[in-house]
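Fold and geometry: a report
Each chain is listed here by its residues.
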Amino acid sequence: MPFFAYKARNAQGELVQGTLEGNDSSSIAALLINTAMTPIDIKPTAAPGISLTDNWWRILTEEKVTQLDVQMFSRQLYTLLKAGVPIMRGLVGLQESATNKTFARVIQDLRESLDAGRELSAAMSRHPKVFSPFYLSMIRVGEMTGRLDNIFLRLFDHLEFEREMGNRVRSALRYPMFVVIAMAVAITVINLFVIPAFAKVYAGFHAKLPVMTQILINSSSFMVHYWLLLLVGLIGSGVGFKFYIATASGRYRWDKLRLHFPIVGKIVIKGTLARFARSFALSSKSGIPIIQSLSVVAQTVDNAYIANRIEQMRNAIERGESILRASAATNVFTPVVLQMIAVGEETGDLDGLMEEIAEMYEREVDYELKTLSSQIEPILILGLGALVLVLALGVFLPIWNLGQVALHK
């Protein structure tokens, strides 16, 4: 169907502009009248979207839609629907009160899509960067069951959990990252400015330099002469790595490797499984069949390796295996979790026990994050000590040797 750009006035007399899809201008006028708006002007237009050539500045300066925006949107819609406010009127209010202009345009597109006869889930699917596959699946469940208000509340809780988990991880990694960056800057400055100055002094000695000093001088000379090549190589490696993990096989191998990193690996796997258990419990409580739940939840764990294991678990259950046997075959759950799954399967309270599993993993992740700095500190101290030792030996050994020779004379 063609698209039409319209201008209309709402019940308060305010000018409203937008784009709608319809058979002709008469159908667009009818849609506007049905939503208590008075049409002023309706013209055919191209399909809505951002043109890179015409709107490049808007793309560069456009405010991003954050997870917090979607989270608050879910909570506000729950409150409005619970109070009996029609969803169209609720979206109008949310669009007008939105502080994020980009998200306001998203809400406007949702209104226009609903005006054109689309379902809410179909309207949201037009914005995959804003609404995740899990979010869309939950909205579809709400539409099928007629419990859309409860779904929005559960999505709010789910997004709150995701946000808290991300904040904890960023907070725990802030200090170690600062130390690592400071060490990298120090090494660069020393190689580019400090060691070359000492190398000129040592050149006047006309003596054989210790091996450690020669290694430092050679590495510094290489960095001074080929710093541009090193910089290009570093940037190229970063870009190449990003493209590599963007592929399915690259993402799978990287996500699998992350789980085996020292210290960080156990936090990644526990956090991922906590997200899995929480999402599974939410899907199950919302009435989604277990097979469909596992398909949906596999998209939310943010780890291709574990998502693959969850899909294997789903396939095993489809073949008739029990949830316990399918879970054990993934080799990602601890014996305690498997025992709880067995109890949940036997009692029929799997969603409740999945919530307990999520809480258990969350507590463990919280503890690991609180002690992360203390676990990384010894490694950072050893690295810093080794750096100081190498520099001290390389810089001062020649001076020490010359001093010894002078004393013997």
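Residues numbered from 1 in each chain as written. Predicted model: local features only at pLDDT ≥ 70, side-chain atom pairs only at ≥ 80, totals over all residues. Heavy atoms only, no water.

1. Focus: the overall build of the protein
- Summing up its helical and strand segments, the protein has 18 helices and 3 strands in all.
- Radius of gyration (C-alpha) of the protein: 30 Å, far over the 22 Å computed for a compact globule of 409 residues.
- Once local pairs closer than 6 in sequence are excluded, the contacts in the protein between residues at least 24 apart make up 60%.
- Of the roughly 23100 Å² that the protein leaves accessible, carbon and sulfur atoms contribute 62%.
- Taken as two groups, the 40 positive and 36 negative side-chain charges of the protein have centres that lie 9 Å from each other. (Helix = DSSP H or I, 4+ residues; strand = E, 2+ residues; numbered from the N terminus. Rg over C-alpha atoms; globule rule 2.2 N^0.38 Å. Contact = heavy atoms within 4.5 Å. Areas by Shrake-Rupley, 256 points an atom, 1.4 Å probe, with all protein chains shown as cover. Lys, Arg positive; Asp, Glu negative; His and termini not counted. Charge placed at Lys NZ, Arg CZ, Asp CG, Glu CD.)

2. Description of the nonpolar core
- Ranked by internal contacts, the top residues of the largest apolar core, which has 46 residues, are Phe276, Phe333, Met354 and Ile357.
- Looking at this core, the elements that each hand over two or more residues are α8 (148-203), α12 (264-285), α13 (290-297), α14 (304-318), α15 (323-329), α16 (335-347), α17 (350-370) and α18 (372-408).
- With 9 residues, α17 is the largest single contributor of residues to this core.
- Among the nonpolar cores identified, the runner-up in size contains 30 residues, and Tyr78, Val106, Met138 and Leu155 belong to it. (Core = buried A, V, L, I, M, F, W, Y, C linked by side-chain atoms within 4.5 Å. Buried < 20%, exposed > 50% of the residue type's maximum accessible area, 1.4 Å probe, protein only.)

3. Remarks on a nonpolar patch on the surface
- On the surface, a cluster of nonpolar side chains totalling about 610 Å² of accessible area is made up of Leu173, Met177, Ile181, Val185, Val189, Phe193 and Val194.
- For Leu173, the position within the fold is in helix α8. (Patch = residues over 30% accessible without salt bridge, like charges linked within 9 Å, V, L, I, M, F, W, Y side chains within 5 Å. Salt bridge = Lys/Arg side-chain N within 4 Å of Asp/Glu carboxyl O.)

4. Looking at unusual backbone geometry
- Positive phi, normally seen in glycine, also occurs at Ile263, with a value near 65°.
- Within the element layout of this structure, Ile263 appears in the loop between α11 (248-258) and α12.
- With phi around 60°, Asn331 is a residue other than glycine that occupies positive phi space.

5. Focus: the pattern of salt bridges
- With the rule as written, the count across this model stands at 10 salt bridges.
- Taking the shortest distance from any N to any O, the salt bridge between Glu160 and Arg163 comes out at 3.2 Å. Of this pair, Glu160 and Arg163 both sit in helix α8, 3 residues apart, roughly one helical turn.
- The exposure class assigned to Arg163 is partly exposed, which follows from its relative accessible area of 26%.
- In this structure, the salt-bridge partner of Glu362 is Arg278, at a minimum N-O distance of 2.7 Å.

6. A few points about the environment of Lys256
- Mapped onto the fold, Lys256 is located in helix α11.
- Here Lys256 falls in the partly exposed class, since its relative accessible area comes to 36%.

7. A word on the packing of aromatic side chains
- Following the criterion strictly, the structure yields 10 aromatic pairs and no others.
- Ring geometry for Phe73 and Phe131: centres 6.2 Å apart, planes at 55°, overall tilted. Linking Phe73 in helix α3 (residues 67-82) with Phe131 in the loop between α6 (120-124) and α7 (133-145), this pair joins segments that are 58 residues apart in sequence.
- The exposure class assigned to Phe73 is buried, which follows from its relative accessible area of 1%. (Phe/Tyr/Trp six-rings, centres within 6.5 Å; stacked < 30°, edge-to-face > 60°.)

8. Details of helix α5 (residues 101-115)
- The first and last C-alpha atoms of α5 sit 21 Å apart over 15 residues, in line with the 21 Å expected at 1.5 Å per residue.
- When you tally the buried positions in α5, you get 13 out of 15 residues, the bulk of the element.
- The distance from a side-chain oxygen at the start of α5 to the backbone nitrogen of Thr102 is 3.0 Å, and the residue carrying that oxygen is Asn100.
- Positioned one or two residues after α5, Gly117 has a phi angle of 100°, which is positive. (Expected span 1.5 Å × (residues − 1). Polar contact = N/O pair within 3.5 Å; in protein donor to acceptor, adjacent residues only side chain to side chain.)

9. A short note on the confidence of the model for the protein
- Of the residues in the protein, 91% have a pLDDT of 70 or more, and the chain-wide mean is 81.
- In the model, residues 50-54 has pLDDT below 50 throughout and makes 7 contacts with residues more than four positions away in sequence or in other chains. (pLDDT = per-residue confidence, 0-100.)

10. Looking at the packing of α11 against α14
- Packing of α11 against α14 brings their axes to within 7 Å, and their N-to-C directions diverge by 100°. With respect to each other, α11 and α14 are oriented roughly perpendicular. Across the interface between the two elements, Arg251, Tyr252, Asp255 and Lys256 from α11 touch Ala304, Tyr305 and Asn308 from α14.
- The residue inventory of the contact of α11 with α14, partitioned by class, reads 3 nonpolar, 1 polar and 3 charged. (Axes fitted to C-alpha atoms, helices over the stretch in contact; angles between N-to-C directions. Parallel < 35°, antiparallel > 145°, perpendicular 65-115°, else oblique. Nonpolar A, V, L, I, M, F, W, Y, C, P; charged D, E, K, R; others polar.)

11. Notes on the side chain of Arg309
- Tracing the chain through its elements places Arg309 in helix α14.
- Buried charge Arg309 goes without a salt bridge, the closest partner of opposite sign being Glu311 at 10 Å.

12. Some remarks on the environment of Pro262
- Among the structural elements, Pro262 can be located in the loop between α11 and α12.
- With a relative accessible area of 66%, Pro262 lands in the exposed category.
- In this structure, the C-alpha to C-alpha distance between Pro262 and Val390, residues 128 residues apart in sequence, is 25 Å.

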